[in-house]
Amino acid sequence: MVLRREPTARQARLATELRRLREAAGLNATEAAALLGTGRVQISHIESGLTGVSEERLRRMASHYACTDEEFINALVTMAIGRTRGWWEEYRGLLPTPFLDLSELEHHAKFQRHVAILHVPGLLQTEDYARAVFSSRLSELTHDELELRIRHRMARQEIAIPYEVVIHEAALRIRVSDRAGSKSQLAKLLEVSEADHVTLRVIPLDLDGFAKASSTMTYVGGPVPKLDTVVRDAPHGSMFIDSEAQLSTYRAGFRTVEASSLEPRQSRDFIHKLANEL
């Protein structure tokens, strides 16, 4: 069997979950291989995402690992047998892999939550705003490379899953380009905040409790809570966090931030006020 050269984040997540199930059962790779009638190397390849796994073998693994969570098992089966080649595939080889992994993650998400401190989230950016952000971070990009990233970011905005976003006033006031660009960006936020699937809240600078919202994060809901993912920006690209302990912390953290923010209607009024000041 030909091994994958570079598993996608979705394939890697499936591999991680299968390894966690084995470890929770107290089995090493050799013992698991014996139960499944295969070799230790095959188990290693599956748990590294280098090779896929059939539905029949995955269900046997879950049985041998004493996993009785049928909803979770079914979700893993969907990940294993799904062969989605989404719109992001046209960018493969043109953009860094983390861009594609994020697109795939969002495509399969049930909901998304975001806390933004210094920049408007990518899913809500105008083209001019996105261009300014990419230009400031990656000044060495050629014109074509820059436009490719912008086109990809705009394509990501086509999703219509439930989206809860909390934006700090600092992100609304910072002019990543110029006055006209800022005004246009605020107008877009007001427009999208009216969509049924979007809940937008603002944290004003003079609101107490800023320390509760001092870090940007994106929380992406999976088919079951165990398959949720937190996305954090890192110097080398997006970092995906998926341990249950960390997910629980981020779930609670988002609700704390949400409780410290203005209600959606108050938030729209606040953005209107900022736009009128420009």
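Residues numbered from 1 in each chain as written. Predicted model: local features only at pLDDT ≥ 70, side-chain atom pairs only at ≥ 80, totals over all residues. Heavy atoms only, no water.

### Regarding the environment of Ala12
Threshold: Strands here mean DSSP runs of E at least two residues long; helices mean DSSP runs of H or I at least four residues long; both are numbered from the N terminus.
Positionally, Ala12 belongs in helix H1 (residues 9-24). Counting along the chain gives 36 residues from Ala12 to Ser48, while the straight-line C-alpha distance between them is 6.7 Å.

### Overview of helix H3 (residues 40-47)
Let me state the cut-off plainly: The cut-offs for exposure are 20% and 50% of the maximum accessible area for each residue type, with area from a 1.4 Å probe on protein chains only; residues under the lower value are buried, those over the upper are exposed, and the others partly exposed. Working rule for contacts: check all heavy atoms of both residues, and any pair within 4.5 Å makes them a contact.
Turning to H3, its buried residues are Ile43, His45, Ile46 and Glu47. On the buried face of H3, the contacting elements are H1, helix H2 (29-36) and helix H4 (55-64).

### Side note on the side chain of Glu47
Definition in use: Whenever two N or O atoms come within 3.5 Å, that pair is a polar contact, provided that in protein one can donate a hydrogen and the other can accept it, and provided that, for residues adjacent in sequence, both atoms are side-chain atoms.
Here Glu47 lies in helix H3. Side-chain polar atoms of Glu47 contact the side chain of Arg22, separated by 2.7 Å. The residues contacting Glu47, other than those within four sequence positions of it, are Ala15, Leu18, Arg19, Arg22 and Tyr65.

### What about unusual backbone geometry?
Backbone geometry places Ala66, a non-glycine residue, at a positive phi of 60°. Relative to the helices and strands, Ala66 resides in the loop between H4 and helix H5 (70-81).

### Here's the deal with helix H10 (residues 179-192)
Basically, it comes down to this: One less than the residue count of a helix, multiplied by 1.5 Å, gives the span that helix is expected to have.
Over its 14 residues, H10 extends 20 Å from the first C-alpha to the last, a length consistent with the 20 Å expected when each residue adds 1.5 Å. Where H10 is concerned, the buried positions are Gly181, Ser182, Gln185, Leu186, Lys188, Leu189, Leu190 and Val192. Of the surrounding secondary structure, the elements contacted by the buried residues of H10 are helix H7 (127-137), strand E2 (163-168), helix H9 (169-173), strand E3 (198-203) and helix H12 (264-277). One side-chain oxygen at the N-terminal end of H10 lies 3.3 Å from the backbone nitrogen of Ala180; it belongs to Asp178.

### Here's the deal with the pairing of strand E1 (residues 111-116)
This is how the line gets drawn: Whether two strands pair comes down to DSSP finding at least two bridges between them.
Of all 6 residues in E1, 5 are buried; the element is thus mostly enclosed. In this sheet, strand E4 (residues 217-221) lies alongside E1 in antiparallel orientation, the contact comprising 5 bridges. Following the sheet pairing, Val115 is matched in E4 by Met217. Pairing of E1 with E2, which is carried by 5 bridges, proceeds in the parallel orientation. Bridge pairing in E2 places Val115 opposite Val166.

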